Every structure is written in structure tokens, then in C-alpha cells.
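A closer look at the structure
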Amino acid sequence: VELSCIIRSTVTPDPRIEWKKIRDGETSYVFFDNKMQGDFVTRAEILSRTSLVIKNTTRMDTATYRCEVAAPSDTKTIDEINIHLTVQ
């Protein structure tokens, strides 16, 4: 599955991007400090610097995924998008 986070930074040359997984009220990192975290290390990757690709998805991957972008030089310095993923 591919989850897309489109970034339109106008000034910041290299905005910070983080992906988080929110399931049952608990938040965990998926992509943080420019690397995959937890069990995503072996089965996920970032495409085109922003899109999260999760391979071999299972029902355990059903969650809300949040893409957070920090662009300190832009007018809007931080933004996020939530994507709800349901694996049947």
C-alpha cells in the first residue's frame, strides 16, 4: 500500500518529514529521523521523499497514519495529514 503526503514547500529547501501510526489511542513512529522505525524497518520504504510504502500489509496495519511536515522557513511552518488505512 502507498500512502501519499504531498508537500508544497515554498522556501524551506529540506522540510522535516515524519510518519506516525495511531492505533487504539497509541501513537508510534513509522518514519523518524530519516529512517524507518520498529517493524517497518524491514517492510516499508519512503518513495519520492514523501510517500510511505508498506509491503505485505496485514490487518495489524489498520490504523490512522499521520504525515507531519515541518518547514521552518515557510509561512506555514508545520502541517499534517491523517490517512485512515483499513486492511481487510
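Scroll up a little and you will see the structure.
The sections below set out a description of the structure shown in this document. (Residues numbered from 1 in each chain as written. Predicted model: local features only at pLDDT ≥ 70, side-chain atom pairs only at ≥ 80, totals over all residues. Heavy atoms only, no water.)

Focus on the overall build of the protein chain
- Along its length, the protein chain carries zero helices and eight strands.
- N-terminal to C-terminal, the α/β element order of the protein chain is β-β-β-β-β-β-β-β.
- Computed over its C-alpha atoms, the radius of gyration of the protein chain comes to 13 Å, within 12% of the 12 Å expected for a compact globule of 88 residues.
- Over its C-alpha atoms, taken along the principal directions, the protein chain stretches across nearly 40 × 25 × 20 Å.
- Buried positions account for 40% of the 88 residues belonging to the protein chain. (Helix = DSSP H or I, 4+ residues; strand = E, 2+ residues; numbered from the N terminus. Rg over C-alpha atoms; globule rule 2.2 N^0.38 Å. Buried < 20%, exposed > 50% of the residue type's maximum accessible area, 1.4 Å probe, protein only.)

Here we look at the layout of surface pockets
- In this structure, the largest pocket encloses a volume near 310 Å³.
- For the largest pocket, the lining is made up of 17 residues, of which I7, R8, V69, K76 and D79 are closest to its centre.
- When contributions to the lining of the largest pocket are tallied by element, the ones reaching two or more residues are β7 (63-70) and β8 (78-85).
- Ranked by the residues each element gives to the lining of the largest pocket, the list is headed by β8, at four residues.
- Its residues assigned to classes, the lining of the largest pocket comprises eight nonpolar, four polar and five charged.
- By volume, the second largest pocket amounts to about 200 Å³.
- Lining the second largest pocket are D14, P15, R16, I17, E18, F31, F32, D33, N34, I46 and R49. (1 Å grid on protein atoms, 1.4 Å probe; cavity = no way out; pocket = protein on both sides within 12 Å on 5 of 7 lines; lining within 4 Å. Points joined across faces, edges and corners; volume = space filled by probe spheres on them. Nonpolar A, V, L, I, M, F, W, Y, C, P; charged D, E, K, R; others polar.)

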